[in-house]
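Chain by chain, the residues run as shown.
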Amino acid sequence: MFSKETYVGRRKALKEKVGSGLLLFLGNNEVGMNYADNTYDFRQDSTFLYFFGQAYAGLNAIIDIDNDREIIFGDELTIDDIVWMGTQPTLHEKAARAGVTDVRPSADLEKYLAAAKSKGQTIHYLPPYRPAHNLALQSLLGIKPGAEQPSIPMIRAIVDLRNHKTAEEIEEIEKACNVTADMHITAIKMLRPGMRECEISAAIEEVAQAAGMRLSFPTIATVNGQTLHNHYHGNICKPGQMLLVDAGAETEMGYAGDMSSTICVDPKFTTRQKEIYDIQVASHLAAVDALRPGVPFKDVYELSCRVVCEGLKNLGIMKGDPAEAVEAGAHAMFYPCGLGHMMGLDVHDMENLGEVWVGYDGQPKSTQFGRKSLRLARPLEPGFVHTIEPGIYFIPELIDLWRSQHKFEDFINYAEVEKWRDFTGLRNEEDYLITETGARRLGKKIPLTTEEVEAMR
């Protein structure tokens, strides 16, 4: 945990932003994998962590702005709990570390909320993302299934606070980024023809655990990079292939790192691989160079797309004006994802609160294929932490679909694309902090260019 003053200050700022009402925070509970006592690895709700710092199951909390109360609801451990879990601080002691002195049994939460409702008090709550949260809202507030109305004022206030990382948060994120870099460096050094993807994945995850961290998301380590989120690790890495690795570490306090590498299985990239890889790197570097406060991230995305289109045009894969191709959406054949996303207590920070608030400041998202996957578009501000991860992918199913529809024939040379349909895909990813004057990469540098990767092979 951070200091008690950090959590007290965060709650104070939130109360000032929302102004009135009662703020309800649902913590997470243990979830059984295949029976109740065999649980998934517990992870506390990130907003609960941000304001209360308690990484324990079975807790909920309220901030009653109107009556100036901050309460954590939970139950003390029984002797049965202690037999299995060992001695722990009491709930009162845990809460005190976050500056909360009012601790009540779990059963009292429903009574408190009922009294607030009877007085006509506004009860603010966040979008539920677990079935247990939906059930809790139905039970505690009498909300019918599907009738939830999360509080926009509460969402916007939290997004504004959590989007702007403080110095102590940046220090914690950088810890995660340094270990994340070590994970990728390990993969780059060890990959050899004949190895299984699962061997690489295991080595990567060992680095995180050995550093006292967990994974910030399930590891991607695949020779089928054309599948953007591929968590299958059963293939053998063969000569002439590339391995796409997307992996990150999460600190004990819940802050994430997120990086990607594309590694040649052979000691060196083939000429064909290098041609596409170099275009991706050019797009990546152009995006990084454009990062500074006040610049809309959607403009950075479009710049990265134009660089990809220009490079593919030079190879004969695309044609026409790159800017017009991007405006029309033709780039999404090869670049169907966004450029990056916010990062912090969640690897996709606050995605449960809604991308339209986190990455768009309430402005509508595009519905265009490819562009609709852009998670961040708003003007950048000091304190924002986000990823940069343009990619280039040759997805046979997408190629076949668009070709059958005669789509974007003014910009896509389908005869040439056919020669590349087995290329798979690649991306490289780094994490950046927006500063007062520009941007700073977080964590150790991992190899980016083909020359840098080959030097470590």
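This text gives an overview of the structure that appears in the document. (Residues numbered from 1 in each chain as written. Predicted model: local features only at pLDDT ≥ 70, side-chain atom pairs only at ≥ 80, totals over all residues. Heavy atoms only, no water.)

### Structural notes on the state of the cysteines
For clarity, the threshold we go by: Sulfur atoms of two cysteines make up a disulfide when they are within 2.5 Å. Relative accessible area decides the class of each residue, using a 1.4 Å probe on protein chains only: under 20% of the type maximum gives buried, over 50% gives exposed, and in between gives partly exposed.
Scanning all chains against the criterion turns up zero disulfides. The thiol sulfur of Cys-198 is not disulfide-bonded, and the nearest other cysteine sulfur, from Cys-237, lies at 9.1 Å. The class of Cys-237 is buried, set by a relative accessible area of 1%.

### A short note on helix α10 (residues 271-289)
Let me state the cut-off plainly: Secondary structure counts use DSSP, requiring at least four H or I residues in a row for a helix and at least two E residues in a row for a strand, with both numbered from the N terminus. Each residue after the first adds 1.5 Å to the expected span of a helix.
Here α10 is 19 residues long and its end C-alpha atoms lie 27 Å apart, about the 27 Å a rise of 1.5 Å per residue gives. Where α10 is concerned, the buried positions are Gln-273, Ile-276, Tyr-277, Ile-279, Gln-280, Val-281, Ser-283, His-284, Ala-287 and Val-288.

### What about unusual backbone geometry?
In this structure, Asp-68 is a non-glycine residue whose phi angle is positive, near 55°. The topology assignment puts Asp-68 in the loop between β4 (60-64) and β5 (69-73). With a relative accessible area of 61%, Asp-68 lands in the exposed category. In this structure, Met-350 takes a positive phi of about 60° despite not being glycine.

### Focus on the packing of helix α1 (residues 4-18) against helix α7 (residues 152-163)
Put simply, the rule is: Axes here refer to lines fitted to C-alpha atoms; in helices the fit is confined to the stretch in contact. Angles between the N-to-C directions go from 0 to 180 degrees. These descriptions rest on fixed angle ranges, namely under 35 degrees for roughly parallel, over 145 for roughly antiparallel, 65 to 115 for roughly perpendicular, and the rest for oblique. For a crossing to be left-handed, the near helix must be turned anticlockwise from the far one by less than a right angle; the clockwise case is right-handed. Contacts between residues were defined by any pair of non-hydrogen atoms, one from each residue, lying within 4.5 Å. Polar here means any residue other than Ala, Val, Leu, Ile, Met, Phe, Trp, Tyr, Cys and Pro, which are nonpolar, and Asp, Glu, Lys and Arg, which are charged; Gly is therefore polar.
Orientation of α1 relative to α7, taken along the N-to-C sense of each, is 135°, at an axis distance of 9 Å. Compared by their axis directions, α1 and α7 come out oblique. Along this stretch, α1 crosses α7, giving a crossing that reads as right-handed. From α1, Arg-10, Ala-13, Leu-14, Lys-17 and Val-18 reach across to α7, where they touch Pro-153, Met-154, Ala-157, Ile-158, Asp-160 and Leu-161. Broken down by class, the residue content of the contact of α1 with α7 amounts to eight nonpolar, no polar and three charged.

### Comments concerning the sheet that holds strand β9 (residues 220-222)
Put simply, the rule reads: By definition, two strands form a pair when at least two bridges between them are found by DSSP.
The antiparallel open sheet is built from three strands, whose spatial order is β9-β10-β12. Both outer strands of the open sheet, β9 and β12 (259-264), are each paired with one neighbouring strand and no more. On average, each strand axis in the sheet is inclined to that of its neighbour by 10°, with strand direction left out of account. Bridge analysis of β9 against strand β10 (residues 242-247) gives three bridges, and the strand direction is antiparallel. Along β10, the bridge assignment pairs Thr-222 with Leu-244. On top of the sheet, helix α9 (residues 197-210) reaches β9 and β10; it is set at about 30° to β10, its chief contact.

### Some points on the sheet that holds strand β1 (residues 22-26)
Pairing is mixed across the open sheet formed by five strands, whose spatial order is β6-β5-β4-β1-β7. The sheet terminates laterally at β6 (102-104) and β7 (123-124), the two strands that pair on one side only. Bridge count between β1 and β4: five bridges; the pairing is antiparallel. When the sheet's bridge partners are listed, Leu-24 is paired in β4 with Ile-62.

### Considerations on the packing of aromatic side chains
Definition in use: Aromatic pairing here means that ring centres of Phe, Tyr or Trp (its six-membered ring) are within 6.5 Å. Orientation follows from the plane angle: under 30 degrees is stacked, over 60 is edge-to-face, and everything else is tilted. Remark: a charge is flagged as sitting over a ring if the NZ atom of Lys or the CZ atom of Arg is within 6 Å of the ring centre and within 35 degrees of the ring normal.
Summed over all chains, the structure comprises 15 aromatic pairs. Their ring planes at 80° and their centres at 4.8 Å tell us that Tyr-50 and Phe-51 sit as a pair that is edge-to-face. By relative accessible area, Phe-51 is classed as buried at 0%. An angle of 20° between the planes, with centres 6.0 Å apart, marks the rings of Phe-394 and Trp-420 as stacked. Of this pair, Phe-394 sits in the loop between β14 (391-393) and α14 (396-404) while Trp-420 is found in the loop between α15 (414-417) and β15 (425-427), placing the two residues 26 residues apart along the sequence. Of the two residues examined, Phe-394 and Trp-420, each falls in the buried class. For Arg-272, the ring lying beneath its charged end belongs to Trp-420, and the centroid distance is 4.3 Å.

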